[in-house]
Amino acid sequence: MDQSSIKQWWQQLNVREQRLVLALGSAVMVLLLYTLLWQPLNTNLANTEKKLVSRQALLTWVDENVARYQAIKPNGSGKKTSASLSSIINRTANQYQLNITRMQPQGESLQVWLDTAPFTQLLFWLEHLANNEGLQVQAIDLASSDKAGEVRVRRLQLTKQ
């Protein structure tokens, strides 16, 4: 259709039909603006807000764990103690709310088993043992637990440095 045929078609319409065509054209334009511009922008804004909330929650978690890590950070480096391995391990495991299921002396070292333990608690405990109690991890054997964020310690071999 060229411009002259459109003009001719328009002029053939009576005033009422012209108003209906204008109203319908306006409705189609509003619909196109909504579906092509407004809705995608609104959807992207909502997705961005969800990402922001998620990232803020992650930042809060990181801040809390950094503060927690710094709270248990050693004042000195790896002090050596005269207490027995089993007493050190029992005392510190209780501080970190870890339940030891079995301990077995193995020469100068001690093997430890834990049924389930939160992974981050286990790491904090091992860090404490190394930096504050003068113990060293010789070997560790971990397995995943049924619960998310927890592990089973099949064997942990510790010795004094």
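The rules behind the values
Residues numbered from 1 in each chain as written. Predicted model: local features only at pLDDT ≥ 70, side-chain atom pairs only at ≥ 80, totals over all residues. Heavy atoms only, no water. Helix = DSSP H or I, 4+ residues; strand = E, 2+ residues; numbered from the N terminus. Rg over C-alpha atoms; globule rule 2.2 N^0.38 Å. Pairing = 2+ DSSP bridges. Axes fitted to C-alpha atoms, helices over the stretch in contact; angles between N-to-C directions. Contact = heavy atoms within 4.5 Å. Buried < 20%, exposed > 50% of the residue type's maximum accessible area, 1.4 Å probe, protein only. Arc of directions from axis to C-beta. Expected span 1.5 Å × (residues − 1). Polar contact = N/O pair within 3.5 Å; in protein donor to acceptor, adjacent residues only side chain to side chain. Phe/Tyr/Trp six-rings, centres within 6.5 Å; stacked < 30°, edge-to-face > 60°. Lys NZ or Arg CZ within 6 Å of the ring centre and 35° of its normal.

J.: Just give me the short version of the overall build of the protein, but keep the residues and values in it.
T.: What the protein contains, in helices and strands, is four helices and four strands. In sequence order, the secondary structure elements of the protein are arranged as α-α-α-β-β-α-β-β. Here the C-alpha atoms of the protein give a radius of gyration of 34 Å, more than 25% beyond the 15 Å that 2.2 N^0.38 yields for 161 residues. With the C-alpha coordinates aligned to their principal axes, the bounding extent of the protein is approximately 105 × 30 × 25 Å.

J.: Explain the sheet that holds strand S4 (residues 150-160) to me, using residue names and the numbers behind them.
T.: Pairing is antiparallel across the open sheet formed by four strands, whose spatial order is S1-S2-S4-S3. At either end of the open sheet lies a strand with only one pairing partner, and these are strand S1 (100-106) and strand S3 (135-144). Direction aside, neighbouring strands of the sheet carry axes that sit 20° apart on average. Where S3 lies against S4, nine bridges are found, and the strand directions are antiparallel. Each bridged residue has a counterpart across the sheet, and for aspartate 141 the counterpart in S4 is arginine 155. Packed on one face of the sheet, helix H3 (residues 85-95) meets S1, strand S2 (109-118), S3 and S4 and runs near 160° to S1. Here helix H4 (residues 119-132) sits on the sheet and contacts S2, S3 and S4; the angle it forms with S4, its principal contact strand, is near 5°.

J.: Describe H3, naming the residues involved and giving the relevant values.
T.: One turn of the α-helix equals 3.6 residues, which is why residues spaced by three or four share an orientation. All of the buried residues in H3 are Leu85, Ile88, Ile89, Thr92 and Ala93. The arc that holds the buried residues of H3, viewed along the axis, is 120°, so those residues lie on one side. Elements that come into contact with the buried residues of H3 comprise S1, S2, H4, S3 and S4. Of the residues flanking the end of H3, it is glutamine 97, one or two places downstream, whose phi is positive at about 55°.

J.: Please give an account of helix H2 (residues 15-72) that cites residues and values.
T.: Look at H2: 83 Å from first C-alpha to last across 58 residues, which is about the 86 Å you get at 1.5 Å a residue. Where H2 begins, one side-chain oxygen reaches toward the backbone nitrogen of arginine 16, 3.1 Å away; that side chain belongs to asparagine 14.

J.: Residue-level account of the packing of aromatic side chains, with values.
T.: Inspection of the entire model under this criterion finds one aromatic pair. Residues tryptophan 9 and tryptophan 10 carry aromatic rings whose centres are separated by 6.5 Å and whose planes lie at 55° to one another, so their mutual orientation is tilted. Exposure remark for tryptophan 10: the relative accessible area of 28% places this residue in the partly exposed category. The cationic tip of arginine 102 hangs over the ring face of tryptophan 113; the distance from NZ or CZ to the ring centre is 4.2 Å.

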